[in-house]
Amino acid sequence: MPLLTTFLTNFRVVQFVDISNAVNQSISPLNASVLPRATLTVEPRWSPVFTGESVTLKCEIQSHSNWRYQWYKGSSRTAVSQSLTNTFTIRSAADQDQYCCRGERENRPSSSQFSNRVNLSVKEKPKPELTSSHKGAALIGNPVVLYCELDQSAGWRFYWSKHTQSPENETKPETHSYTISSVSVSDGGQYWCRAGRGTPVYYTHYSDALWINTTDVSPPVSLMVSPSRTQHFSADSLSLSCEGQSDSTGWRVRRYTHSQKVSNCSSGWGSVTGSTCSISSLSTSHTGLYWCESESGESSNPVNITVTNNNGILDSPVHPIMEGDPLTLHCLYRDPKPTNLTAEFYKDGSLLQTQTTGEMTIRTVSKSDEGLYHCKHPERGESPQSGISVRTAESAPDLVIVVVGVSFAGLFIILLILLWCYRTHKGHLENINQMSVQNQRESGAEDSQSGHLPVQAGDVHVYDTMQRAGEAADELSDVTYSQVLRKNKKLKNKDADTGSMEVTYAEIELKTKKKPKKKQEMISVNADTVYSEVKQNTNEGKINSIE
């Protein structure tokens, strides 16, 4: 029995082993007939994709090698493409559909299973929205932040254009915000943004243009911060209020953060009392850009607020500093305060000076002092960076240019008026002259018959009438014409033309040398005349002209 049992036991064991081997042998061909599974993935992994964007499908089969890959679209069992590589690139996506893949090879197994299906969602090329942290004209010297909003999938880098949509002149901060730390007159103009992703880069449409206008006139309301500094410790309290010379009723505090974007104080991050927003316990999520905004959309100048968990902060001014004013920066610390207050002060990453008092003073601020400042304590570490903006009177030269331009324009208009008056007067004189010449010609014929002699005096022709009697006038050897006093008199003849020329007559009295045989003769003249005395000239043969 023991032998039999042992035999049987051994037999059973042997049988078990044999059966197991037989089963394994019988299953092995079955296992060989089980097809490997294919897995399909999409690169890039964001969804949706946009028309014209490049997409790469990747088919992975874990076992075996020497696969040929086949690519299928939709419900069709006919491959749209096949390749020796496990990637299939759609160069320009046009419509949405399902894709899958499968592998084939020469040896067994000769094919793989079909992969999982991937839904490719394709949308129209997007267009970002460009907004500004500041509504209305930006005050010179203050910061302005532009935001390029694109709520479409992920992986975007952002590109900024100014004045023209030129890829060559694009600014590429690659973030969705673009900060002008201190606005100047030259920062005014049109701005655009667009986004891009992938390799090669796929670009969105350009945004609509956004105008940035600059001004040196402060808005009626300003955002006041208490404590009055840009950096604050976490867990501290903060008060933000809209204050101005006029009534600030209807103004509210708003902010922009990377997490919540644009929101009001009443949305949960603060408590509102009138035009004041209070935050009882700050956290790093409160870091952002804050401003006041009216119900009509008018806004104050924005203020950057930074909340940090660091042990040190830089006490820097909230609003821009006027050029020429002094500036003092302090390095502040959490409690307990260090006994050693020595701190290093940096601008744009470069060490400016080391102060044992923990404060640095710039006695006269200039435009060159603008930049990013922070302080560093040997034990408490570094503070965050804060931007210092300097406001200059840049608008004064522009005002002078405008005034000078207006003055020159006014002078030019006056000169045009004077030129017109001159031309008009000259034309009137020419008309008179032409009429005078015509009258002279008409009267010349009559004068030649009646003995009238014309005398020229300037531009107006004046006639004197002389009637010589006898031989006395013929025998005169020396004649002098004296200055003729002309008096304009209106013609009394009602039949005369109202547009005719006024004529002045002078009577000339001739005095001859006494001769015993001849009598002095007088000249008859018209009634309306002016008399002038003529003296005999001692120089023979010379005649003085009428002056």
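Residue indices begin from 1 for each chain and proceed along its sequence in written order. In view of the model being predicted, local features appear only for residues whose pLDDT reaches at least 70, and side-chain atom pairs are presented and counted only at 80 or more, with totals across whole chains, interfaces and linings using the full set of residues. In computing side-chain values, all of the structure's heavy atoms are included and hydrogens and water are not.

- The protein has the name Ig-like domain-containing protein in an unreviewed UniProt entry, where Pygocentrus nattereri is given as its organism.

1. What about the packing of aromatic side chains?
In step 1: Classification of ring pairs rests on two measures: the distance between centres of Phe, Tyr or Trp rings, Trp counted by its six-membered ring, which must be within 6.5 Å, and the angle between planes, read as stacked under 30 degrees, edge-to-face over 60 and tilted in between. Counting across every chain of the model gives eight aromatic pairs.
In step 2: Taking 5.5 Å as the distance between ring centres and 25° as the angle between the ring planes, the aromatic pair formed by Trp 71 and Phe 88 counts as stacked. Of this pair, Trp 71 sits in strand 4 (residues 68-73) while Phe 88 is found in strand 6 (residues 87-90), placing the two residues 17 residues apart along the sequence.
In step 3: For Trp 71, a relative accessible area of 1% gives the class buried.
In step 4: Aromatic pair Tyr 159 and Tyr 203: ring centres 5.5 Å apart, planes at 65°, arrangement edge-to-face. With Tyr 159 in strand 13 (residues 157-162) and Tyr 203 in strand 16 (residues 202-203), this residue pair connects regions lying 44 residues apart in the sequence. Labels follow the DSSP assignment, with helices taken as runs of H or I lasting at least four residues and strands as runs of E lasting at least two, numbered in each case from the N terminus. Note on exposure labels: buried denotes an accessible area under 20% of the residue type's maximum, exposed denotes more than 50%, and partly exposed covers the range between, all computed with a 1.4 Å probe on protein chains only.

2. Regarding the pairing of strand 6
In step 1: Residues Phe 88 and Ile 90 point to one face of strand 6 and are all buried, whereas Thr 87 and Thr 89, pointing to the other face, are not buried.
In step 2: DSSP-based pairing: two strands are paired if at least 2 bridges between them are found. Relative to strand 6, strand 3 (residues 55-61) runs antiparallel, the two being bridged by four bridges. Note on strand 6: the bridge partner recorded for Val 55 is Ile 90.

3. So, the pairing of strand 21 (residues 238-244)
In step 1: With six bridges connecting them, strand 19 (residues 221-226) and strand 21 associate as antiparallel partners. Paired with Val 225 across the strands is Leu 240, a residue of strand 21.
In step 2: Two elements, strand 21 and strand 25 (residues 276-279), share four bridges in a ladder whose sense is antiparallel. Opposite Ser 239, over in strand 25, you have Ser 278 as the bridge partner.

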